[in-house]
Amino acid sequence: MKKIFAITICLFYFLGVNAQDQNPITWVASYKSISATEGEIIITPKIEKGWHTYSQKVTADGPVPTSFKFTESKQYALVGKTEENNVHEEFDKAFDAKIFVVTDKSGFKQKIKVSKPGLTVAIKIEFMCCNDMMCLPPKTIDLTVKTQ
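Procedures and definitions
Residues numbered from 1 in each chain as written. Predicted model: local features only at pLDDT ≥ 70, side-chain atom pairs only at ≥ 80, totals over all residues. Heavy atoms only, no water. Helix = DSSP H or I, 4+ residues; strand = E, 2+ residues; numbered from the N terminus. Buried < 20%, exposed > 50% of the residue type's maximum accessible area, 1.4 Å probe, protein only. Contact = heavy atoms within 4.5 Å. Pairing = 2+ DSSP bridges. Phe/Tyr/Trp six-rings, centres within 6.5 Å; stacked < 30°, edge-to-face > 60°. Lys NZ or Arg CZ within 6 Å of the ring centre and 35° of its normal. Disulfide = S-S within 2.5 Å. Axes fitted to C-alpha atoms, helices over the stretch in contact; angles between N-to-C directions.

*Asks:* Would you mind showing me how to read the overall build of the chain here?
*Replies:* Broken down by element type, the chain carries 1 helix and 11 strands. Reading the chain from its N end, one meets helices and strands in the order α-β-β-β-β-β-β-β-β-β-β-β. A buried classification covers 31% of the 148 residues belonging to the chain. Long-range contacts, defined here as pairs at least 24 residues apart, represent 67% of the contacts in the chain between residues at least 6 apart.

Structure follows, in structure tokens:
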């Protein structure tokens, strides 16, 4: 009886470990000063091999696009829209459509004007990630970056 109980406990433990959220993408934010009152927030995805996320560009048949929401503050102002680089169009089997894909060589930039250095900017990122076999549900994460 003790052996059956121990095996049952081990089974539940291993099932619980496998059921944990997969996290194939982590995000890093940094700040690059342009002048005393201007700078760029650089947001870079660190993506595991075989995975990808998606552009900010909305496609009719595609996934949830990546989006950035900067917490409003009177101490800084966004200049323009968030730009993306090294985003490329490819056919995605999961959506049976051509869509814009973000890989580990991609990045995003947001220019800002600051009232003084040393501010903390809070960012919410919503994204969805897929590999050739499956897609994970959309996820929202919080990041912060300190201006110099």
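*Asks:* When you look at the sheet that holds strand β10 (residues 129–130) in this model, what are you seeing that I'm missing?
*Replies:* Through backbone hydrogen bonds, the strands of a sheet pair up, either in parallel or in antiparallel fashion. As summarised here, the arrangement of the 4 strands in space is β6-β7-β3-β10, forming an open sheet in which the pairing is antiparallel. Both edges of this open sheet fall to β6 (88–92) and β10, since each of them pairs with a single strand only. As paired elements, strand β3 (residues 52–54) and strand β7 (residues 97–102) share 2 bridges and run antiparallel to each other. In the strand pairing of β7, T53 is matched with V102.

*Asks:* Is there a simple way to think about the packing of aromatic side chains in this case?
*Replies:* Aromatic rings considered in pairs are described by the distance between their centres and by the relative angle of their planes. Summed over all chains, the structure comprises 5 aromatic pairs. Their ring planes at 55 degrees and their centres at 4.8 Å tell us that F68 and F108 sit as a pair that is tilted. Taken together, the positions of F68 in strand β4 (residues 67–70) and F108 in strand β8 (residues 107–114) put the pair 40 residues apart, joining distant regions of the chain. Neither F68 nor F108 differs from the other in exposure class; each is buried. One aromatic cluster is present, built from ring pairs that chain together W27, F68, F108 and F127. In this structure, K57 is placed above the aromatic ring of F100, and the distance from its NZ or CZ to the ring centre is 4.2 Å.

*Asks:* Please explain the state of the cysteines as it appears in this structure.
*Replies:* By definition, a disulfide links the sulfur atoms of two cysteine residues through a covalent bond. Throughout the structure, instances matching the rule amount to 1 disulfide. Between the sulfur of C130 and that of C135 lies a disulfide, 2.0 Å long from S to S. Because the torsion about its S-S bond is 110 degrees, the bridge between C130 and C135 counts as right-handed. Free of any disulfide, C129 has its nearest cysteine sulfur in C130, 6.8 Å distant.

*Asks:* Before we go on, may I ask you to explain the pairing of strand β1 (residues 25–33) in this structure?
*Replies:* Remark: a regular strand shows side chains that alternate across the two faces of the sheet. Of the pairings in the sheet, the one linking β1 to strand β2 (residues 38–47) comprises 9 bridges and is antiparallel in character. Bridging across to β2, S33 finds its partner in G39. Here β1 hands over to β2 after 4 residues, the two strands then running antiparallel side by side.

*Asks:* Where do I start with the sheet that holds strand β11 (residues 139–146) in this structure?
*Replies:* If you walk across this open sheet you meet the 3 strands as β4-β9-β11, and the pairing is antiparallel. The open sheet is flanked by β4 and β11, the only strands paired with a single partner. Direction aside, the axes of adjacent strands within the sheet are offset by 25 degrees on average. Looking at chain direction, β4 and strand β9 (residues 120–127) are connected through 4 bridges and run antiparallel. Along β9, the bridge assignment pairs S67 with E126.

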